[in-house]
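Single-letter residue listing:
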Amino acid sequence: MALNIQEKVGEIRVRVLIVDDELEIREGLRTRFPWSAYGVEEVLTADDGDSALQVALARKPELIVTDIKMKRMSGLAFIQALAAEASYPWRSIVVSGYDDFEMVRQAMKLGAMDYVLKPINTAELGDVLRKAIGELEQERIARANQLLLNDQVHSAIPKMREELLREMLEREHNPYREARISHRLQTLQLDWMLRDRMAVMIFEADDLKAIGNRAGSQNEIGLIVFGIGNVVKHTLAEEYSSQAALCADAKQRWIAVLSCRTADLEPCKELAQICIRRINDYVKVKVSAALCSAPGPFNQLHELFAEAGDILEQKAVYGGNRLLTSQGWEADAEQDNPSIRNPDEVLDLARYGTDDDIAQAMDRFVEMVQSWPIAQTRDIQQKLFEWLLALFKKASALGWTDKSWERNPIALWEQLEQFDTLESLRAQTERFLLDMARDFRSHASSPSQIIQEADKFIRAHYAESLTLQSVAAEVHVTPVWLSKLFKKEKRKTFLEYLTDVRMERARKMLGQVQYKIYQVASEVGYKDPVHFTKLFKKQAGCTPKEYRRLQGIADD
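Residues numbered from 1 in each chain as written. Predicted model: local features only at pLDDT ≥ 70, side-chain atom pairs only at ≥ 80, totals over all residues. Heavy atoms only, no water.

Draft legend 1. Focus on the sheet that holds strand β5 (residues 114-117). Pairing is parallel across the open sheet formed by five strands, whose spatial order is β2-β1-β3-β4-β5. One side of each edge strand has no neighbouring strand; the edge strands of this open sheet are β2 (40-46) and β5. For this sheet the average axis-to-axis angle between neighbouring strands, irrespective of direction, equals 20°. Strand direction decides the pairing type here: strand β1 (residues 14-19) and β2, joined by six bridges, are parallel. Directly across from I18, in β2, lies its bridge partner T45. Helix α1 (residues 23-32) rests against β1, β2 and β3 (63-67) of the sheet, and its axis sits at about 175° to β2. Across the sheet, helix α2 (residues 49-59) touches β1 and β2, and the angle it forms with β1 is around 170°. (Pairing = 2+ DSSP bridges. Helix = DSSP H or I, 4+ residues; strand = E, 2+ residues; numbered from the N terminus. Axes fitted to C-alpha atoms, helices over the stretch in contact; angles between N-to-C directions. Contact = heavy atoms within 4.5 Å.)

Draft legend 2. Highlighting the pairing of β1. Here β1 lies mainly inside the structure; six of its six residues are buried. Covered by surrounding structure in β1 are V14, V16 and I18 together with R15, L17 and V19, the residues of both alternating faces. As a crossover connection, the stretch from β1 through α1 into β2 is right-handed. Across four bridges, β1 lies against β3 in parallel orientation. Within the sheet, the bridge partner assigned to V19 lies in β3 and is T66. (Buried < 20%, exposed > 50% of the residue type's maximum accessible area, 1.4 Å probe, protein only. Right-handed = clockwise from strand over helix to strand, strands pointing away.)

Draft legend 3. Fine view of the side chain of R15. Note that R15 resides in strand β1. By relative accessible area, R15 is classed as buried at 19%. A polar contact of 2.8 Å, which involves the side chain of R15, links it to the backbone oxygen of R59. Aside from chain neighbours lying at most four places away, what touches R15 is E41, E42, L44, R59, K60, P61, E62 and L63. (Polar contact = N/O pair within 3.5 Å; in protein donor to acceptor, adjacent residues only side chain to side chain.)

Draft legend 4. Representation of empty space enclosed by the protein within the structure. Taken as a whole, this structure holds two cavities of 30 Å³ or more when the rule is applied. One number sums up the size of the largest cavity: a volume of about 120 Å³. If you go around the largest cavity, you meet 13 residues; those closest to its centre are M168, R171, E172, H173 and N174. If you list the elements that add at least two residues to the lining of the largest cavity, you get α5 (122-170), α6 (178-187) and α11 (301-312). Within this model, the second largest cavity holds a volume of roughly 40 Å³. As for the second largest cavity, its lining consists of I18, V19, D20, I25, L29, V65, T66, D67, V95 and I120. Listing elements by their share of the lining of the second largest cavity, those giving two or more residues are β1, α1 and β3. Tallying contributions element by element places β3 first for the lining of the second largest cavity, with three residues. (1 Å grid on protein atoms, 1.4 Å probe; cavity = no way out; pocket = protein on both sides within 12 Å on 5 of 7 lines; lining within 4 Å. Points joined across faces, edges and corners; volume = space filled by probe spheres on them.)

Draft legend 5. Examining the layout of surface pockets more closely. Here the second largest pocket defines a volume of roughly 610 Å³. Lining the second largest pocket are 19 residues, and of these P158, E162, K233, A245 and L246 lie nearest its centre. Elements supplying a minimum of two residues to the lining of the second largest pocket: α5, α9 (218-239) and β7 (244-248). Ranked by the residues each element gives to the lining of the second largest pocket, the list is headed by α9, at six residues. Looking at the lining of the second largest pocket residue by residue, the classes come out as 12 nonpolar, four polar and three charged. (Nonpolar A, V, L, I, M, F, W, Y, C, P; charged D, E, K, R; others polar.)

Draft legend 6. Representation of the nonpolar core in the model. Judged by nonpolar contacts, the single largest core of 66 residues is most densely connected at M436, I458, L482 and F532. When neighbours within four sequence positions are excluded, M436 is seen to be in contact with L347, A350, L391, F392, A395 and W400. Grouped together as the second largest cluster of nonpolar side chains are 60 residues, L165, M168, L188 and I202 included. (Core = buried A, V, L, I, M, F, W, Y, C linked by side-chain atoms within 4.5 Å.)

Draft legend 7. A look at the packing of aromatic side chains. Summed over the entire model, instances satisfying the criterion amount to 11 aromatic pairs. Centre to centre, the rings of F486 and F494 are 5.7 Å apart; their planes meet at 75°, and the pair counts as edge-to-face. When sorted by exposure, F486 lands in the same class as F494, which is buried. Seen from their ring centres, F486 and Y497 are 5.4 Å apart, and the 45° between their planes marks the pair as tilted. Taken together, the positions of F486 in helix α23 (residues 479-489) and Y497 in helix α24 (residues 494-510) put the pair 11 residues apart, joining distant regions of the chain. Taking relative accessible area as the criterion, F486 reaches 0% and is therefore assigned buried. For Y497, a relative accessible area of 8% puts it in the buried group. An aromatic cluster of three or more residues is present, and its members are F392, W400, W405 and F432. The ring of W372 carries K383 above its face, with NZ or CZ at 5.8 Å from the centroid. Positioned above the aromatic ring of Y526, the side-chain terminus of R502 is 4.9 Å from the ring centre. (Phe/Tyr/Trp six-rings, centres within 6.5 Å; stacked < 30°, edge-to-face > 60°. Lys NZ or Arg CZ within 6 Å of the ring centre and 35° of its normal.)

Structure representation (structure tokens):
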């Protein structure tokens, strides 16, 4: 019986599987029923439940019309088997005789949506199809809406987190709102902030307005701020083993809130140095970071943020592109011990350090391994293997002559695989570094050569905003190692030596009447004349004005 259907049912396109062990019924239903009028784009067939199950799992038909009785696997058994294995949405319609009521009841319990009796009435089948396809369409719409909702929630959560962080950082803590804040932290999966103590660190591009004016476009500022945030975000994910959250504030700065397992802020300081180097390399701008003096609970975040903001103001005195703390940038720049987490510092350890330096640095090996989010021996061996390969690759680029690791990395793995305690793995790693150090000592630049180059650069550029980091980059060593080499070769810290050079020049200029004191301060690298006066008095025993009087120069 032909149907006069003007429009297809719904927008959904479905695939139908007809299952019947009688060829005439199966093919007659396939060829004589107007499937396309109902939105069916393909009709598949199978002659029993076994073959139908294979076809269904392979082709995933959305609609199944099956005889309930068949010689081998019945339609009932087929529906039950498919329900257990199929992971996609489908509907089934069973075809039965008048005496199959009990089997039909079981099929409905198994999820069959309807049934038609033999002989099949095409009008009746059409009504059932319309209903089945309508249900499939509703399911498709519901799934699409759920996916859309999930996407909206997924994209909204980061923004909601940033808004909450800004609120906690910029507003004083209100005890009456604590319950609401706690609930929002839990909802946004920031509940670790309720348990942990946290440090606050601010990143700010140096001279951002000047960069925007030079570029002639405010879009350039937006790109730079975005780039800084992107670098900090990825560095947090790659280098910081504890929880962290990041947001931007109204001053186009990025604020990192860092979970601290102890009161020790060294991991935060190491993180800041890595971020600064990466921002210099990838965003091509200078950036300053400020770190609060001690970690605190979530109800002190506003105070920690305010303190970090005050510390950031120090860059007007000390210059930018460095980490600033409550003790001033120099206290953190003049570090004695390299971090073995930083491959560049490990390489300088091998190039310029003594065997004792290497042994001392390896005291932090266990701390480094325990910071990795792994616990199984095999995983630790694998991570250490990767750490060594990356280190060896960098060492090779710097002139290390041993290429055995490159020719046969499996041999390196087999060496590590022999050791299954942190103590033995540390000892083996230390042997690798000692071997590398012996090779470097035979041909690398000596520490005194490095300091000579640094001294030459300082004397040529002392009037600029020199930092340990900028001079270290110029002579191709890490800041930690330049600091160590200054103490070893000059018996002074980098800052002490830089100050000596500047004050030497300041004395000469103060002896010349044409210079005002504020001009002398600026010419030798100090933006703040008050700060210059304090440093000069500390070193010379008198103020610049008193020094001039001793030289017979009357200053206004």
